[in-house]
Amino acid sequence: MSTGAIGAAVLARARARDAADPLRGFRERFALPVDALGAPLLYLCGHSLGLQPLAARELVIEELDEWARRAVEGHEHARRPWVPYHENLRSGLALVTGARPGEVVAMNSLTVNLHLMFASFYRPAGERRRILIEAGAFSSDRHAVASQIAWHGLDPQDDLLELAPAAGADLVEERAVEALLEERGHEIALVWWPGVQFRTGQAFDIARIARAAHSHGCLAGFDLAHSVGNTPLALHDSAGDFAVWCSYKYLNGGPGAIGGCFVHERHASALPRTAHRGALPGARLAGWWGHEEDTRFLMEAEFHAADGADSWQVSNPPILAAAPLLASLALFEAAGIGRLREKSVALTAFLEELLRPLEPRVHILTPRDPAARGCQLSLRIAGGAGPGRRVFEQLREAGAICDWRTPDIIRVAPVPLYNRFEDVAQFAHRLTRVLEAGA
Ligand SMILES: Cc1ncc(COP(=O)(O)O)c(C=O)c1O
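Colleague: Tell me about the site of the ligand, and please be specific about residues and values.
Modeller: Ser-109, Leu-110, Thr-111, Phe-138, Asp-141, Asp-223, Ala-225, His-226, Tyr-248 and Lys-249 make up every residue found near the ligand. Between an oxygen atom of the ligand and a main-chain N or O atom of Leu-110, the distance comes to 3.4 Å. About the coverage of the ligand: the protein hides 81% of its 400 Å² of free accessible area. Among the residues forming the shell around the ligand, the class breakdown is four nonpolar, three polar and three charged.

Pasting the structure below:
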């Protein structure tokens, strides 16, 4: 690369930091994307689809081989038997979510899990029937939440409360959530909030939102699509009621990978005495995979719930969509959440440092405070969506993969498992060049 725009000194600094990075070896354990001519692409898009861990291929092929060799007997006798396959994912999921092992389970995909969780935890009654979400929530969340309200015979026009940022602001502060709950908490059954906002990259204090919700008698659930594998989580201690996520972003589980959910252990027992804050104990949309495993194949009419979050499983899991996640979670376990976070904070701060001089042509929406963001920075190009989109397209032509979110946001995420400080320097260089060329 020509070093003109960012300067040789910056590049040298980036390379020195890469050389000193204790996690640098992890990059080699991923397939790095290339262009049509085989030249490496600059990939800063783990917030949308994480890269493929090389071991994922082996694990998928292993399951294909087991299927070929053993057919139905693989359920019991595969090297990793398929019936309890989700158990292989438990410790890794507990690690990346900060949950107790019994509080997490891999199943389905995000929006499906949202519906399953809401079936248990959205229980509108009398005046307390509303759901509070952020204005500008991810479309699938909004569709799902509105449809849940309608499913209960209520009107989303009245019962979906959407909290927008203050006029002229991009971000919603936690204290605005607290203030709204102060005023209308008695009408709200459930607060549904993101861990990290998909468009702005803002990370929320989950414990604080859960606390505020509970203090007004509401339940609190979280969409962790952009949090899990990105920011350290402490779901058990944060005490939210439930959460769901997908595994194809920072968890590198592959396109359409199996998702996951968390149910705080205070809810999980199927025994009637565990009622908590209005969630009906044991009320769930059930299927045979949520039945306790020991007696599942007795095929009895009565449902005996498995322990913990497992009891929310409905169907048997897609093994081929779960195997890549196993490969990726092993990398998280090997790297360690603390070291990943440390590198993530440094990488994103470096990106911010190199982009700040581009203000006011490039505005960074994401909070400056590292505690209020993960690795993603969201950029708005001066002049609106037209120039912004052109910059995005020219970055792609220059071999940099990030993504575009309507109306006018470019999202960029240096991911600590596989991105380098040099990637960050190169991105800043290419963006500077694109701007200089007058996109
Ligand atoms: C914040 C958020 N919610 C929901 C979804 C939808 O996920 P799925 O298609 O797995 O249901 C996504 C997907 O990117 C997302 O980012």
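That shown, we press on.
Colleague: Requested: an account of the sheet that holds strand β11 (residues 362-364), with residues and values cited.
Modeller: Pairing within the open sheet is antiparallel, and its four strands lie in the order β11-β12-β15-β14. Strands at the two margins of the open sheet, each flanked by one partner only, are β11 and β14 (403-405). Each strand of the sheet is rotated relative to its neighbour by a mean of 35 degrees, with strand direction disregarded. As judged from the three bridges shared by β11 and strand β12 (residues 377-381), these two strands associate in the antiparallel manner. The partner of Ile-364 across the bridge, within β12, is Leu-379. Sitting on the sheet, helix α14 (residues 337-355) is in contact with β11, β12 and β15 (409-412), with an inclination near 15 degrees to β12.

Colleague: Explain helix α8 (residues 174-184) to me, and be specific about the residues and the numbers.
Modeller: Among the residues making up α8, those that are buried are Glu-174, Val-177, Leu-180 and Leu-181. The buried residues of α8 occupy an angular sector of 120 degrees when the element is viewed end-on, so they sit on one face. Residues Arg-175, Glu-182 and Glu-183 are exposed on α8 and point more than 90 degrees away from its buried face. As for α8, its buried residues are in contact with β5 (130-134), β6 (160-163), β7 (188-194) and α9 (206-215).

Colleague: I'd like to hear about unusual backbone geometry, residue by residue, with values.
Modeller: Between Glu-359 and Pro-360 the backbone carries a cis peptide bond, its omega angle lying at 5 degrees. Inspection of the secondary structure puts Pro-360 in the loop between α14 and β11. A cis geometry characterises the amide bond from Thr-406 onward to Pro-407, with omega recorded as 5 degrees. By secondary structure assignment, the location of Pro-407 is in the loop between β14 and β15. Even without being a glycine, Ala-71 presents a positive backbone phi close to 45 degrees. Given a relative accessible area of 38%, Ala-71 falls into the partly exposed group. Of note in the backbone geometry, Met-299 takes a positive phi value of approximately 60 degrees without being a glycine. One can find Met-299 in the loop between α12 (293-296) and α13 (319-335). You can call Met-299 exposed: its relative accessible area is 55%.

Colleague: I'd like a rundown of the packing of α14 against helix α16 (residues 421-436), residues and numbers included.
Modeller: For the pair α14 and α16, interaxial distance at closest approach is 9 Å and the crossing angle is 20 degrees. Taken as axis vectors, α14 and α16 run roughly parallel relative to one another. In this structure, the crossing between α14 and α16 has a hand that is right-handed. Contacts between α14 and α16 pair Ala-346, Leu-347, Phe-350, Leu-351, Leu-354 and Leu-355 from the former with Phe-421, Val-424, Ala-425, Phe-427, Ala-428 and Leu-431 from the latter. Considering only residue class, the contact of α14 with α16 consists of twelve nonpolar, no polar and no charged.

Colleague: Just give me the short version of the sheet that holds strand β10 (residues 260-263), but keep the residues and values in it.
Modeller: Here seven strands make up an open sheet; going across it, the order is β4-β10-β9-β8-β7-β5-β6 and the pairing mixed. Looking at strand neighbours, the two that pair on one side only are β4 (104-106) and β6, the edges of this open sheet. Strand-to-strand twist of the sheet, defined as the mean angle between neighbouring strand axes without regard to direction, takes the value 20 degrees. Bridge count for strand β8 (residues 219-223) against strand β9 (residues 242-245) is three bridges, and the pairing is parallel. Considered in β9, the bridge of Gly-221 is made with Phe-242.

Colleague: Give a detailed account of the packing of aromatic side chains, specifying residues and quantitative values.
Modeller: Two aromatic rings, taken as a pair, are described by how far apart their centres are and by the angle between their planes. A complete count under the given rule lists 13 aromatic pairs for this structure. When the ring of Trp-288 is compared with that of Trp-289, the centres are 4.7 Å apart and the planes differ by 70 degrees; the resulting orientation is edge-to-face. The partly exposed category is assigned to Trp-288, whose relative accessible area is 36%. On the basis of an interplanar angle of 90 degrees and a centroid distance of 6.3 Å, the ring pair of Trp-289 and Phe-297 is categorised as edge-to-face. Judged by its relative accessible area of 3%, Trp-289 is buried. Taken together, Phe-118, Phe-121, Trp-192, Phe-242 and Trp-312 form an aromatic cluster joined through their ring pairs. Residue placement shows Arg-17 over the ring face of Phe-350; its charged tip is 5.7 Å from the ring centre. Sitting over the face of the ring of Trp-289, Arg-296 holds its NZ or CZ atom 4.0 Å from the ring centroid.

What counts, and at which threshold
Residues numbered from 1 in each chain as written. Predicted model: local features only at pLDDT ≥ 70, side-chain atom pairs only at ≥ 80, totals over all residues. Heavy atoms only, no water. Near = heavy atom within 4 Å. Polar contact = N/O pair within 3.5 Å; in protein donor to acceptor, adjacent residues only side chain to side chain. Areas by Shrake-Rupley, 256 points an atom, 1.4 Å probe, with all protein chains shown as cover. Nonpolar A, V, L, I, M, F, W, Y, C, P; charged D, E, K, R; others polar. Pairing = 2+ DSSP bridges. Helix = DSSP H or I, 4+ residues; strand = E, 2+ residues; numbered from the N terminus. Axes fitted to C-alpha atoms, helices over the stretch in contact; angles between N-to-C directions. Contact = heavy atoms within 4.5 Å. Buried < 20%, exposed > 50% of the residue type's maximum accessible area, 1.4 Å probe, protein only. Arc of directions from axis to C-beta. Parallel < 35°, antiparallel > 145°, perpendicular 65-115°, else oblique. Left-handed = near helix turned anticlockwise from the far one by under 90°. Phe/Tyr/Trp six-rings, centres within 6.5 Å; stacked < 30°, edge-to-face > 60°. Lys NZ or Arg CZ within 6 Å of the ring centre and 35° of its normal.

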